[in-house]
Every structure is written in structure tokens, then in C-alpha cells.
Amino acid sequence: MPEIKELVKQLADKHGRNRESLLPILQGIISEERYISDFAMTEVARELDMSAALVYGTATFYSFLDTEPRGKYVIRLCRTITCDMKGKKQILRTIEDLLKIEIGETTKDKKFTLLETNCLGWCHKGPAMLINDDAYTELTPEKVSEIIGDYMKNR
Amino acid sequence: MAKTVNLKIDGIDVSVEQGTTVLDAAKKLNIHIPTLCYHEDLCVAGNCRVCVVEQEGAKNLVASCAMPASEGMIIHTNTHKVRNARRHVVELLLSEHNADCTKCYKNTKCELQNLASEMVITEPMFIDLVPFKEYKIDKQSPSIIKDDSKCIRCQRCVRTCHELQHVSALGVAYKGDHMKISTFFENPMYDVVCTNCGQCVNRCPTGALIEKNYIDQVWDAIYDPNKHVIVQTAPATRIALGEDLGMEPGSIVTGKMAASLRRLGFDSVLDTDFTADLTIMEEGTELLTRLKKALVDKDQSIKLPMFTSCSPGWIKFIEHLYPEYLDNLSTCKSPQQMFGALAKTYYAQKKGIDPATIVSVSIMPCTAKKFEAARPEMRDSGFQDVDLGITTRELAVMIKQAGIEFESLSDEKFDSIMGESTGAAVIFGATGGVMEAALRTAYELVTGREVPFKNLNITAVRGMEGVREASVKLENVLPAWSFLEGVELKTAVAHGLTNAHQIMEAIKKGEANYHFVEVMGCPGGCIGGGGQPIPTTPEIRRKRAEAIYREDEGMKIRKSHENPEVIQIYKEFLGEPLGHKSHELLHTHYHPRKRV
């Protein structure tokens, strides 16, 4: 775990050690580690001289600050009504078939995690999903197979 | 002078200072607006919405606890719209609240129950969501039970833990309908930074945070013919117990308390005040010894300032957050634990009782004392020194259960031995009291004269300021203490752990050079302890403190070293302060704990 200790220290050096530094530091951990472990949170608490319960509160408030181990690629499929009406269910089934996981799960090789998300703001081009920070829109079962297949093979 | 604003509430004109909330302005007119998340000791949260009122010209109802009064404002507190809104708020809270009231420890003492009763909610319009929630109950702590099924998420506890105690063991986690009051990773309270102070318990409007009660265990011990049940009562219990038994805040009930304990069936009714006096002997001597080693012997290993060690909430705070200062803590056990260690040794010997048959019960204003009694460090008598710690509130319940008409009891005295005490001991219950008691004795020990304050009242260390400083110059000292000639003894007093944090940071930064620091974990000291009658407000704590000092002034002896039973125990049993026996029974060491 010394890497996390070092990472938290670097992030605190960069963003400061005030209460308002908390969010950018947590985001920094996410982009390096994909999730914030309890150890990482205690390190943040120590570095910022604040209570770990407050760090936990902030981390659990934001959906994009994961507190459980995630795969290298986190797929977030939009679950809101527009995407649903445009065929989200078929997209979900396709991904589940391809990766052999259900929503909330991570593949055995720790490469993919499948999650649902609230509106991504792509209602006019639904169904939409995110893979890490990249948005994919107007998905069809074929298109999503191609995208996931590319991630499986080439990344 | 502050600007005043004029407004009209329910047709009545009222002028208030600018910045006053509508809630407080209404109070001035004796108009009662219901509240839940609001608490006098805490910052405004405005999240429960039960205090809404109608403001003419405003589109929505406004939360009166958060809305400042303004010039020309017209407020209605009792319209159809207001009453409907409040009713809906309470009904919505109830829809997620485990309202099995008859099985709740807070039954008849619950603010939510009171509101529901006032609003006559017999046919709720919302679906009961409790069966669909996976609420957790955390019973692992020896001090506090956290039951999420009773929680209305008003966040009084979160604000208490943050604002008053600088601990934040409790925070708000998740959001929306998943939002909950949580410790770090929802770990049990026992396993986090919680100091067990119980201030959250004092402020929880429902039964979501309560003390773990040991009422049945105490009854079992009393009814067991083979047990000798000893009870000790802390200084702050005797000025607060009455509040839970129909009396006014500030009522001194020492004699009634002793009488009621005897009626409950305790075999020996004794007083923690006795060991408070003993603490002064030990701690005062320890302070002077430390000063000598530091000032004369230039011993670098001696840590100053010395911190008092009576408050178990404060001890755990140091263990978690300032472990590098553990050596600054006086090695003295708290009066509760000194008493426990002596009850099963000295008392047992003197009375010819087999210590194995003794059940030692303490009545404390404190929830952290339950944890302290269970500490593995506290077994120097060869047994668990204090078997059961109960709060002032639990004692009040037992008195009611026993059918005792408390107010009509005649005063009785504590048993002897270990029942005699002085005015210096009773003030242990108020912030500044340990300092004052210590100064009364230490000054006299060093100079041979009484402290140079009128009637022995060291007013500089009294009061409700968060941090108070006082210094006493030592002049014309006795020959044995010549190294202290001309020394200005610098002291500080803090109550509530946020103020303790402030002092600790000043010490850490080298901005403070005190010799002796008193910290009590709770606001106001033990009088505002987590085990005291609910509610607590600045006004109630002030009245309790006044009562403590009245009790002190009324005592025949007001200096610990003049307590005849203290003199006797040194002669017959302990030898001298900090002597071999004292070290064995009355002193201890604490250990670092993890920071979360």
C-alpha cells in the first residue's frame, strides 16, 4: 500500500490540504486506482487532518467516486427513461452476454465493470453509455459488440 | 447597539435584534413552533422542515429556524397550509421510522413521538417503508447503541460530533433515499474514533442514539443475596438527577439521591466524591513532582503541561488523535476507577467482605464511563474494578421503577467509609472544577497558606468560556518547595473536545506554555455529560453549574487534603500520595489507538 500513501501525498501537494481539496484528491485517486479503498480514505483523512467518516461521506455521495474495486474499464450504461425507450435493454443484454457479468459485477480478469448510471445528457442520441470517460451513443447491439470487442482485443 | 427590525407574527408586532431568526422572534411572543433538527447548541441545518411558517409575499413556506427576521415581515405560524405541511413532514418521517414506540428506550421521551402525538397522527397517509429498508442496529459499543431504524436524519448527532467535539465519528453517507448517518465505512461505533462521550445521545430527538443501559444487570445484582452491591455517585449526578424526576434544573438532590439508593437496595451507598478528593492528593502531588523534575532536575523526559485524566471521553480523544501526548496525561485514574480499585481492596478489607462477592456499580453523568469501566487496564484490584456503570438517566428510571416518590424523600447521608467528601470534590462536576480543587490543595501544600482568593472561590477558572486561562504566582513558599519560589503556575481549562482540540493545537505549535491543563470532554464539564438528563441547553448547564458551586459553598470542608477519610486512608492503607500502593491501585497508562 505504500504507493497509495505516496499517491495521496502527491495529490495533496498538488491540490492543497483544505476541505475543498477533498474532491479533487478523491477524483485523482479514482483516475489512478479506479476506486477509493478504505485504506486510501484513511490516508486522505490523515493527510488533510480530517475525520475519515467525512471522507467516506463525500466518497459515497458521488456515484463516480467508487468505493469498491472496479475493473480497468468501467462501463456505465444510461438507465434513464429516454435511453430505456430507445432500446437500452437489448444493449444491456448484449454486454452481459459478451462479458458474462451482470450489473454491479466485475469480470474475473478485472478488466471490465458493468454499472448503470443516471442521465448522461445524451438523450437525443440514446441509448448511451460511458466507458471510463468516453461516451458512446446511438448504440445498437451490433455497435456495442464491436466497441466492447475492440476493448477486449486491443486494450 | 445592534439594529432592530420590526415584524408581525400572527398579528402581533414584535421587535428583535437584526439577525434573530423567525423561530426566536416567535419564542419571544410565546408562540411555540415545533422543531426537530434545530438545537440551541448547534448550527442551523434547516433540513427537517417541521418548523415551516407562512411568510406573506413569499411563494413557498419558509423554515423559521433558518429565516432571519426582517423589517416589515408578516409571518403566520398557524394557517391551514402551515399545519398541513408540518403534518406531511412528520408523516413522511414516520413512514421511514420504526415507530414501535412501546418497545423503544425513548418511549415518552422522544421528540418525534411528541410531535406525532400533538398532531394526532392515527391514520397515516403514507405507506410504511420500514419493512423495505435494511436498517442496521449497532449494539457493539459498551456505551452507545445506534439504531438506524429510528433515525430521521436530522443530523443533530453529526453536527454535535463535528462542532462540539471535533471528532466527526459520525458523518452523512450516500444520498437521496439511501442517505444515512454513518461512521467510517459503517464500522461499529466501537471500532471507530468515537470517544463514547454521548453528546449525540443527549441531542438525538428519537431513539436512534441511546446509551446502552445496564438497568437489569444492576437489579439482578441487587436481588442476588450472595452479592454485596456497592454504589458510588459522581459529583454531577446530584445536581441533575432531579430533572428526570420532575424537579427544576439546578436542584441539589444529594441527600434524596443517597436515600433513594438505599431504598433501591444497594448494600453500601458511597460517594465518588471521596475519590475525587483522593485524585486531588495524587494528581496535585504528581504535578508538583513533575515540576520539580522538570525545573530542578532538568529531566527532559518529564512532559509538561500535565493534563487531567478524569474524563474518559478526553482520554480516548487523546489516544486516537494526539497519541504523542499520552505521556502528558496525569497517570491518575479517574475518580470512578480509583473508587473501583479501592472498593474491592481497602473497603472489602475494612468491612470484612470477600471482594469476589462485591458488585461495584457507579452512577455517572457519562456514557464514556461505561467504556472506561470495561477497559482491560482497570483490573488492579484483581477483579474488574467497576462492574457496572450506569448514567444519571438510568438511575432515574430505576427510581421510577421502584415506585419511589423522589421529591418527598428526606435527605440521608452516604455510608462510611468512602462516603466523606469536600467542596473541592463536588466541583469536579463542572468545567474548571478539577483545576480549582487542585489549586486549593497544591497552593496550600507549597506555601502553607490558603489560595489567595475570596472564600476559596477561584473564579478565573469558572464559567462557560470554551478555553480559560489562569495563573497563580507562588511566593513565600515553604522550604521544601523553594524551587517553586516566584514561579508563575500557568493553567488552562477547556470543556468540550473542540475546545480541547484548540488547546492541543496551540500546544503543538508551541504557542502555549502551560504547566497544567484541565480538559473535560463535554460542554460545561460533567454537568453537561452524555449521561445527564435530556434536554441540555446552555441555560440548563448554567443552572447545573450554579448548583455545583452552591453545593461547594455549603460544605463544611472545602479542600481535599482536609477530608478526614482521605487522611485516614493514607494512614491506614495507601501510605503516601504516589506511594507504592497508590501506584499499584490508583495510577495507570493509556495506549495509542488508530486515527479512524
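Residues numbered from 1 in each chain as written. Chains lettered and ligands numbered in written order. Predicted model: local features only at pLDDT ≥ 70, side-chain atom pairs only at ≥ 80, totals over all residues. Heavy atoms only, no water.

A. Inspection of the overall build of chain B at higher detail. In terms of helices and strands, chain B carries 18 helices and 18 strands. Split into buried and exposed, the 596 residues of chain B put 60% on the buried side. Long-range contacts, defined here as pairs at least 24 residues apart, represent 75% of the contacts in chain B between residues at least 6 apart. Here chain B has roughly 23500 Å² of accessible surface; of this, 51% comes from carbon and sulfur atoms. Distance between charge centres in chain B, computed from 69 positive and 77 negative side chains, equals 3 Å. (Helix = DSSP H or I, 4+ residues; strand = E, 2+ residues; numbered from the N terminus. Buried < 20%, exposed > 50% of the residue type's maximum accessible area, 1.4 Å probe, protein only. Contact = heavy atoms within 4.5 Å. Areas by Shrake-Rupley, 256 points an atom, 1.4 Å probe, with all protein chains shown as cover. Lys, Arg positive; Asp, Glu negative; His and termini not counted. Charge placed at Lys NZ, Arg CZ, Asp CG, Glu CD.)

B. Focus on the interface of chain B and chain A. At the junction of the two partners, chain B supplies 17 residues and chain A supplies 20 residues. Per-residue buried area on chain B facing chain A is highest for B:Phe184, B:Phe185 and B:Arg595; these three make up 42% of the total on that side. Applying the counting rule to chain B against chain A returns one salt bridge. Across the pair A:Asp49 and B:Arg595 runs a salt bridge whose closest N-O atoms are separated by 2.7 Å. Along the contact surface separating chain B from chain A lie eight residue pairs in polar contact (both at pLDDT 80 or more). It is strand S8 (residues 171–173) of chain B that provides the largest number of residues to the side of chain B that touches chain A, a total of three residues. Considered class by class, the residues forming the side of chain B that touches chain A number nine nonpolar, five polar and three charged. (Buried area = accessible area lost by both parts, 1.4 Å probe. Salt bridge = Lys/Arg side-chain N within 4 Å of Asp/Glu carboxyl O. Polar contact = N/O pair within 3.5 Å; in protein donor to acceptor, adjacent residues only side chain to side chain. Nonpolar A, V, L, I, M, F, W, Y, C, P; charged D, E, K, R; others polar.)

C. Geometry of the domain arrangement of chain A. Per the domain assignment, the segments making up chain A are domain 1 (2–61) and domain 2 (73–154). For domain 1 of chain A and domain 2 of chain A, the distance between their C-alpha centroids amounts to 28 Å. (Domains from an automatic or database assignment.)

D. Examining empty space enclosed by the protein more closely. Residue and element names in this part refer to chain B. Per the stated rule, a full pass over the model turns up five cavities of 30 Å³ or more. By volume, the largest cavity amounts to about 310 Å³. Together, 30 residues line the largest cavity, and Cys-310, Ser-311, Pro-312, Lys-369 and Cys-526 are the ones closest to its centre. For the lining of the largest cavity, the class distribution of residues is 19 nonpolar, nine polar and two charged. (1 Å grid on protein atoms, 1.4 Å probe; cavity = no way out; pocket = protein on both sides within 12 Å on 5 of 7 lines; lining within 4 Å. Points joined across faces, edges and corners; volume = space filled by probe spheres on them.)

E. Structural context of the packing of helix H2 (residues 22–33) of chain A against helix H3 (residues 38–48) of chain A. Residues and elements named next belong to chain A. Direction vectors running N to C along H2 and H3 enclose 145 degrees, while the axes themselves pass 11 Å from each other. The crossing of H2 and H3 is right-handed. Counted together, Leu-22, Ile-25, Leu-26 and Ile-29 of H2 and Ala-40, Val-44 and Leu-48 of H3 form the full contact between these two elements. (Axes fitted to C-alpha atoms, helices over the stretch in contact; angles between N-to-C directions. Left-handed = near helix turned anticlockwise from the far one by under 90°.)

F. Up close: the side chain of B:His501. Mapped onto the elements, B:His501 comes out in helix H15 (residues 497–508). For B:His501, the residues in contact, after removing those within four places along its chain, are B:His166, B:Phe317 and B:Tyr322.

G. Molecular detail of the side chain of B:Lys370. Residue and element names in this part refer to chain B. Position of Lys-370 among the secondary structure elements: in helix H11 (residues 368–374). Within the local environment of Lys-370, its side chain forms a polar contact with the side chain of Glu-394, the two groups lying 2.6 Å apart. Residues within four places of Lys-370 in sequence aside, it is in contact with Pro-142, Ser-143, Glu-211, Lys-212, Asn-213, Tyr-214, Gly-389, Ile-390, Thr-391 and Glu-394.

H. Structural view of the confidence of the model for chain A. Residues at a pLDDT of 70 or more form 99% of chain A, whose mean pLDDT is 94. At the low end of the mean pLDDT range in chain A sits helix H7 (residues 141–154) of chain A, at 93; at the high end sits helix H4 (residues 52–61) of chain A, at 97. (pLDDT = per-residue confidence, 0-100.)

I. Looking closely at the sheet that holds strand S10 (residues 209–211) of chain B. Residue and element names in this part refer to chain B. Strand order in the open sheet formed by three strands is S6-S7-S10, with antiparallel pairing between adjacent strands. Each edge of the sheet is formed by a strand with only one pairing partner; in this case those strands are strand S6 (137–138) and S10. Where S6 and strand S7 (residues 144–147) come together, two bridges link them in antiparallel fashion. Residue pairing for S7: Ile-137 is matched across the bridge by Asp-147. (Pairing = 2+ DSSP bridges.)

J. Highlighting the sheet that holds strand S3 (residues 52–55) of chain B. Residue and element names in this part refer to chain B. Read across the open sheet, the five strands follow the order S2-S1-S5-S3-S4; overall the sheet is mixed. The open sheet has two free edges, formed respectively by strand S2 (12–17) and strand S4 (62–63), since each of these has just one partner strand. Note: S3 against strand S5 (residues 74–76), two bridges, orientation antiparallel. Counterpart to Glu-54 in the pairing with S5 is His-76. Running over the sheet, helix H2 (residues 80–95) touches S3 and S5 and is turned about 155 degrees from S3.

K. The nonpolar core, seen in detail. Residue and element names in this part refer to chain B. Formed by 43 residues in total, the largest nonpolar core has its most connected members in Phe-428, Leu-484 and Ile-548. Only helix H8 (272–295), helix H13 (423–426), helix H14 (433–447), strand S16 (467–473), strand S17 (488–495), strand S18 (516–520) and helix H16 (538–553) provide two or more residues apiece to this core. Among the elements that line this core, the one with the most residues is H14, at seven residues. Residue contacts for Leu-484: discarding those within four places in its chain leaves Leu-288, Leu-291, Leu-295, Val-446, Leu-474 and Val-477. Listed in part, the 41 residues of the second largest apolar core include Val-158, Met-504, Ala-506 and Ile-507. (Core = buried A, V, L, I, M, F, W, Y, C linked by side-chain atoms within 4.5 Å.)

L. Representation of the packing of helix H9 (residues 312–321) of chain B against H15(B) in the model. Residue and element names in this part refer to chain B. Remark: H9 packs on H15, axes separated minimally by 11 Å, with the N-to-C direction vectors making an angle of 45 degrees. Considering the angle they form, H9 stands oblique to H15. Judged by the sense of rotation from one axis to the other, the crossing of H9 with H15 is right-handed. On H15, the residues that touch Gly-313, Trp-314, Phe-317 and Ile-318 of H9 are Leu-497, Ala-500, His-501 and Met-504. Of the residues in the contact of H9 with H15, the class split is six nonpolar, two polar and no charged. (Parallel < 35°, antiparallel > 145°, perpendicular 65-115°, else oblique.)

M. How the structure looks around the pairing of strand S1 (residues 4–9) of chain B. Residue and element names in this part refer to chain B. Burial along S1 is one-sided: Val-5, Leu-7 and Ile-9 are buried, and none of Thr-4, Asn-6 and Lys-8, which face the opposite way, are. When S1 meets S2, the two strands line up antiparallel, connected through six bridges. Paired with Leu-7 across the strands is Val-14, a residue of S2. What sits between the antiparallel neighbours S1 and S2 is a turn of two residues, in which Asp-10 has the positive phi angle 50 degrees.

N. Structural detail: the packing of aromatic side chains. Residues and elements named next belong to chain B. Summed over the entire model, instances satisfying the criterion amount to 15 aromatic pairs over all chains. A centroid spacing of 5.6 Å and a plane angle of 15 degrees characterise the contact between Trp-219 and Tyr-223, whose relative ring orientation is stacked. Separated by four residues within a single helix, Trp-219 and Tyr-223 lie in helix H6 (residues 215–223), roughly one turn from each other. Exposure remark for Tyr-223: the relative accessible area of 62% places this residue in the exposed category. Measuring from centroid to centroid gives 5.1 Å for Tyr-346 and Phe-573, while their planes differ by 40 degrees, and the two rings are tilted. Highlighted residues: Tyr-346 in helix H10 (residues 335–351) and Phe-573 in helix H17 (residues 564–574), separated in sequence by 227 residues. (Phe/Tyr/Trp six-rings, centres within 6.5 Å; stacked < 30°, edge-to-face > 60°.)

O. How the structure looks around the layout of surface pockets. Here the largest pocket is characterised by a volume of approximately 1200 Å³. Forming the walls of the largest pocket are 34 residues, and the residues nearest its centre are A:Thr60, A:Ser63, B:Tyr174, B:Lys175 and B:His178. When grouped by side-chain class, the residues that make up the lining of the largest pocket number 13 nonpolar, seven polar and 14 charged. Empty space within the second largest pocket amounts to approximately 860 Å³. What lines the second largest pocket is a set of 35 residues, and nearest its centre among them are B:Thr35, B:Glu111, B:Arg156, B:Ile534 and B:Pro535.

P. View of the pairing of strand S12 (residues 268–271) of chain B. All names here are of chain B. Of the two faces of S12, the one lined by Ser-268 and Leu-270 and the one lined by Val-269 and Asp-271 are each fully buried. Pairing between strand S11 (residues 228–233) and S12: four bridges, direction parallel. The residue of S12 that forms the bridge with Ile-230 is Ser-268. As for the winding sense of the linkage, the β-α-β connection from S11 through helix H7 (residues 254–264) to S12 is right-handed. (Right-handed = clockwise from strand over helix to strand, strands pointing away.)

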